[in-house]
Amino acid sequence: MTESTQTATLDAAQRDFYHDLLRQMLLIRVFEEQAGAAYAQGKIGGFCHLYIGQEAVAVGAIATLAEQDTIIAAYREHGHALARGTSARSVMAELYGKLGGCSKGKGGSMHLFDASTNFLGGHGIVGSHIPLAAGTAFAARYRETDAVTVCFFGEAAVNIGAFHETLNMAALWKLPVVFICENNRYGMGTAMERASAVWNVYERACSYDMDEELVDGMDVLAVHNVVTRAVARARERGEPTLIEARTYRYMGHSMADPIHGHYRTKEELEEQKERDPIEGLRSQLVDADLLDEDGFATIRAAVEKEVQDALTFAEQDADPPPEDLYTSVYSD
Amino acid sequence: MGVITYRDALNQALRDEMERDPDVFLMGEEVGVYQGAYKVSRGLLEAFGDRRVVDTPIAELGFAGVGVGAAMAGLRPIIEFMTWNFALLAIDQVVNSAAKMYYMSGGQVPVPVVFRGPGGSALQLAAQHSQAFESWYAHIPGLKVVAPATPYDAKGLLKSSIRNNNPVVFIEGEMLYNTKGEVPEGEYTVPLGKADIKREGTDVTVVCHSKTVSVALKAAERLAEEMDVSTEVVDLRTIRPLDVDTITQSITKTNRCVIVEEGWPFCGVGAQVVDDVQRLAFDHLDAPLIRVTGADVPMPYNKHLERAAKPNPDKVIAAVRQVAYLD
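Report on the accompanying structure. (Residues numbered from 1 in each chain as written. Chains lettered and ligands numbered in written order. Predicted model: local features only at pLDDT ≥ 70, side-chain atom pairs only at ≥ 80, totals over all residues. Heavy atoms only, no water.)

Points about the overall build of chain A
What counts is decided by this rule: Strands are runs of DSSP state E lasting at least 2 residues, helices are runs of H or I lasting at least 4, and numbering of each runs from the N terminus. Here the radius of gyration uses the C-alpha set of atoms, whereas the globule reference equals 2.2 Å times the residue count to the power 0.38. Think of it in three bands: with a 1.4 Å probe and only protein chains considered, a residue is buried below 20% of the maximum accessible area for its type, exposed above 50%, and partly exposed in between. By definition in these notes, contact holds between two residues if any of their heavy atoms fall within 4.5 Å. Accessible areas in this description were obtained via Shrake-Rupley with a 1.4 Å probe; residue shielding takes into account the shown protein chains only. The charge count treats Lys and Arg as positive and Asp and Glu as negative. His and the chain ends do not count. Every charge is mapped onto a representative atom, which is NZ of Lys, CZ of Arg, CG of Asp or CD of Glu.
Within chain A one finds 11 helices and 8 strands. A compact globule built from 332 residues would reach a C-alpha radius of gyration of about 20 Å, and chain A, at 19 Å, matches this within 12%. Considered along the principal axes of its C-alpha atoms, chain A spans approximately 55 × 50 × 45 Å. The buried share among the 332 residues of chain A stands at 57%. Sequence separation of 24 or more characterises 75% of the internal contacts of chain A that already satisfy a separation of 6 or more. Carbon together with sulfur atoms contributes 50% to the accessible area of chain A, which is approximately 13300 Å² in total. If you average the places of the 29 positive and of the 50 negative side-chain charges in chain A, the two averages end up 3 Å apart.

Spelled out as structure tokens, the structure:
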């Protein structure tokens, strides 16, 4: 059964926590809207994959983690970096290719890194980062720490060999890793049903005798509940979990792609927006008398200010100097 | 100083480095219980246990990626490929993950991993098991590529590779494992990026690496004895970074150069050497450089055809005579 909290009673003592989840999702939403606008103006180059619509997955999942835990994500990872606490300034500056970017302007949108928070990318080859997550989990087990690795990927990555090789080893070796599949229904323009023989991603866990979870990926509290359980299994017993979070991407695959067209209809997009994760939590909180209009406006204003500050910083920040072309190829 | 095999020299290096640094571990197919497909890891499971000597499923891409991830987290993995032919399944991790991580993270995430295993042809293993991939990996900025020819170099270079902070592609000669040479028992390393003159000479420089070093040395012996030609044999040892200085210094003395490698000719290691030499030592050359390479075909099974496909002393001698205008 899909984990959901739509009918659950909220805990008034958790008000600040709920507000923070809402703030983080709004931060990602506004950040991505502004990144899209900057891309349209030619200020951001390359491929730029926006996370709008999927905010609940990164925010709900990353809120469960401790400082020593590691996050490894794919190329739609602006939201994950922000949820982990990398500053909006350094993420926006990286999209602008500036020196103050979290990867010093050398990575760009697809390669955000922040070693100070164990945010280890930002990887651009579909599925290729999944084994890396087993590797950081292997290192945690090797060193007998209780650190957990969380790995995010899309549903299109589950048909590639690296996914299967990694899940097998993670289960075989009991590695403390949580695999979170963000099922947004489309690998670029190919619907899940046109690419996968098995449509329930979570069912793939049984091939590897691994725990599985299915969660409404538009429900941040449900994501938080499910990932909390999975992180505990990893931390306490070294047991990996495959989580399928059913979500939806509002924008095109990247900024270079159409929002709808041959592969999905405008009607479908509008229908999915009815599940909006931010509106969902906002109305849950309003219904429970844990948020009023002023409170929401205050959160929104703070987030808008933060993103505006990030844009200003990125605009004004310096490009990497020419000599940086040849630095950081090799480590001493 | 003992006389041991190339295989045992590598084993000593692994053992020494695992004793020296608890962050070093070995992972790959058959490295533990089976004692290594080529017995390079013999005895290591018993010495270090299965936490540090890790048998894997046959999943090259997966366990290579586990190695890269473990290195990103600060360990120093040694990932053994049963052969470099099978490592093609993992090349995405070597090229897209290991080689790029430090740069694209803006210098935040080094990847101190060694990928090692046998490369090149052996005896009648046919097309899919007889390939020298040095030039493939040497093409990639971010990787170091090492290919030792002797037991002494194998031990010293593997120790340096494990201590290096970068991803190192360490290609062993499949036909070299049983070859013997003098190897000190105590601590020593051979630096990466330094070629070695395996035989001094004055008439022609022969640049080679890995298995072709013995081919070049046999040719040099006959050239000296039968033709009164003095050959200098330069063993590259490291392909990337390439020790261009040692090559050009030798050519400054001999004014002639032959390059020998087991790989295919197109975009091979020798092609890079030719480019460096023509730019840096053009005025010292008395003849065009000539390359002796593997034949530009998939390796055939038939032993006569296979022999015809590989570099051998006769081919090197013919090339040396050509650059020395002896024919």
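Now, onward.
Considerations on the nonpolar core
To be explicit about the condition: Only buried residues count toward a nonpolar core. Its members are Ala, Val, Leu, Ile, Met, Phe, Trp, Tyr and Cys residues joined through side-chain atoms within 4.5 Å. Each domain span listed reflects an automatic or database assignment of domains.
Counting residues in each nonpolar core, the largest one holds 81 residues, and the members touching the most others are A:F138, A:F153, A:F179 and B:F115. Among the elements that line this core, the one with the most residues is helix α5 (residues 130-142) of chain A, at 8 residues. Each of domain 1 (2-183) and domain 2 (196-323) of chain B accounts for three or more of the residues forming this core. With residues near it in sequence (within four places) discarded, A:F179 still touches A:I130, A:C151, A:F153, A:T166, A:L167, A:A170, A:M210, A:P240, A:T241, A:L242 and A:I243. Listed in part, the 74 residues of the second largest apolar core include A:A88, A:A93, A:C102 and A:Y250.

As for the interface of chain B and chain A
It is common to report an interface's size as the accessible area lost on association of the parts. Heads up, the condition is: Accessible area, probed at 1.4 Å, shrinks when two parts are joined; the buried area is that loss added up over both. The rule for a salt bridge is simple: a side-chain nitrogen of Lys or Arg has to be within 4 Å of a carboxyl oxygen of Asp or Glu. Each polar contact in these results corresponds to two N or O atoms within 3.5 Å; when the atoms are within protein, one needs to be able to donate a hydrogen and the other to accept it, and residues that are neighboring in sequence are counted only if both atoms are side-chain atoms.
Taken together, the contacts link 47 residues of chain B with 37 residues of chain A. Roughly 3300 Å² is buried in total at the junction of chain B and chain A, and carbon and sulfur atoms are behind 63% of that figure. The largest contributions to the chain B side of the interface with chain A come from B:Y103, B:M104 and B:Q108, which together make up 21% of the buried area. At the surface where chain B touches chain A, the tally comes to 1 salt bridge. For A:R143, the salt bridge is made with B:D23, and the minimal N-O distance between the two is 3.4 Å. For the pair chain B and chain A, the number of links is 23 residue pairs in polar contact (both at pLDDT 80 or more).

What about helix α1 (residues 6-20) of chain B?
The condition that has to hold: To estimate how far a helix should reach, multiply one less than its number of residues by 1.5 Å.
Compared with an ideal rise of 1.5 Å per residue, which puts 15 residues at 21 Å, α1(B) spans 21 Å between its outermost C-alpha atoms and is within 8% of the ideal. Every buried residue of α1(B) is accounted for by B:Y6, B:R7, B:A9, B:L10, B:N11, B:A13, B:L14, B:E17 and B:M18.

Points about helix α8 (residues 244-254) of chain B
All names here are of chain B. Turning to α8, its buried residues are V244, T246, I247, T248, S250, I251 and T254. At its buried positions, α8 is contacted by β9 (196-199), β10 (204-208), β11 (231-235), β13 (257-260) and α9 (269-280). Note on α8: the residue one or two positions beyond its end, N255, has a positive phi of about 65°.

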